[in-house]
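Residues per chain are reported as follows:
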Amino acid sequence: MEAKTVAVGFAAIVASSLATGPAAVAQDILPPNAKPGECYAKVRIPAEYNSVYERVLLKAESQRVQKVPAEYETLEQRVMVQEASFEYIPVPPQYDYVEERVMIAPAKVVKKIIPAEIETVEEKVLVSPARVEWKPGRGAFEKIDEATGEIMCRVEIPAEYKTITRTIVLEPERVVDEQVEATYETVRKRVVVQPASVERRAIPAVYETREIRRLVQPERTEVEVVPAEFDTVERRVLIADERQDWREILCETNTTEDAIFGIQTALKEKGYDPGEIDGKMGSKTLSAVRDFQVSQGLPTGGLTLSTVSALGVRL
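Structural notes, computed from the coordinates.

Calculation rules
- Residues numbered from 1 in each chain as written.
- Predicted model: local features only at pLDDT ≥ 70, side-chain atom pairs only at ≥ 80, totals over all residues.
- Heavy atoms only, no water.
- Helix = DSSP H or I, 4+ residues; strand = E, 2+ residues; numbered from the N terminus.
- Expected span 1.5 Å × (residues − 1).
- Buried < 20%, exposed > 50% of the residue type's maximum accessible area, 1.4 Å probe, protein only.
- Salt bridge = Lys/Arg side-chain N within 4 Å of Asp/Glu carboxyl O.
- Patch = residues over 30% accessible without salt bridge, like charges linked within 9 Å, V, L, I, M, F, W, Y side chains within 5 Å.
- Areas by Shrake-Rupley, 256 points an atom, 1.4 Å probe, with all protein chains shown as cover.

**Remarks on helix α3 (residues 257–269)**
One turn of the α-helix equals 3.6 residues, which is why residues spaced by three or four share an orientation. With 13 residues, α3 extends 18 Å between its outermost C-alpha atoms, agreeing within 8% with the 18 Å of an ideal straight helix rising 1.5 Å per residue. Among the residues making up α3, those that are buried are Glu257, Ala259, Ile260, Ile263, Gln264, Ala266 and Leu267. One or two positions beyond α3, positive phi appears at glycine 271, with a value near 95°.

This is the structure in C-alpha cells:
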C-alpha cells in the first residue's frame, strides 16, 4: 500500500511535465547514458540572466554664481576715560598679642595617704583524708548459686580538699609628704605695634577699549563649477532563454517514504507548507515543491535531484 501511494505521487509529477503522453515521449530524444533505476523527466529550466552595471549621468556639469559679502575686521583702540589722581586713606592702628607667664599658686608641701597594699590568695584545705572501703561489685554473674554471696570490691577513696580565700596585707597604710610645684598660666596681652596714620594713594588713569570696524575686502561675485553627478545602475541581460531539458528526478523506483518525509520536513523548515508530514507525495507537497523551485530559480516540472540537494536532503 505504501509503495502504491509513492508511485501515485510521482506519477502526478511525471504527468505534469509529460502532458503529451508516452507516445510523444518515444518520439523525442531520450536522456543519454541513463542507468537502470534512474528516472528522468523533461523539466522547464528558467531563463538565465546576467547583471550588467552601467554608469549613468544624472546631472550635467553646471555653474553656480553666488555673491560673497564684504569682509570687515574689528580693531581695538585704547581711550583714557579718567585722568590719574590721588586719595587719602586713613590707616588704622595695628595691634599684636604678646604672651606673659603669671604664677597662680606657689609651691607647697601636702600630706598624701598611701593606701595599704592587700593581696587575695587561695589555699587548699584537707576536708577528708584518703581511705579504703568495701563496696558492692558486679561480675560475670550476680550469684553463682544460692550458696554464694554478693560480690564485694576493695575501693580506694581519694582525699577531699576545699579551696578557701583569705586576704594578706603586703604593706600597711602610710602618710608621706609630697612636694607640689608652683602653678603658672600663660596670659595674652594686646599691644599697639603701629599707631594710626593717613596714607596718600595714587589713583591711576582709567582707560577704555573701543572697537572700530574696518572694511578688509569689498563685496564680490564668485562662479563655482558644480561637477556632473553620476550613478551606477544594474541592468539584467538575458544570456539563456527558458527551455525544456531532461533532468533526473525521484520516482517510485528510486525513492522511499523516508526520503519524502525528509523532503516534507525540509520544506516546512524553509517556510513552505507541504501539508501533513506523512511520507506521501500529496497535492500540497507538490505545490510546496514548485513554490520552492520558483523562488530559488530551479527547474520546474518534477522533483529533480538539484531540488532535493537545495533542500539539504540526503538520499
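**Observations regarding the pattern of salt bridges**
Two side chains with opposite charge may pair up if their charged atoms get near one another. Overall, the coordinates contain 13 salt bridges when judged by the stated rule. Close ionic contact of arginine 235 with glutamate 54 constitutes a salt bridge, the shortest N to O distance being 2.7 Å. With a gap of 181 residues between them, arginine 235 in strand β17 (residues 229–240) and glutamate 54 in strand β2 (residues 48–59) connect regions that are remote in the sequence. One salt bridge connects glutamate 171 with arginine 174, and the closest N-O pair in it is separated by 2.5 Å. You can call glutamate 171 partly exposed: its relative accessible area is 29%.

**Examining a nonpolar patch on the surface**
Taken together, the side chains of Val56, Leu58 and Val233 make up a nonpolar region of the molecular surface, amounting to roughly 220 Å² of accessible area. Residue valine 56 is classed as partly exposed on the basis of its relative accessible area of 31%.

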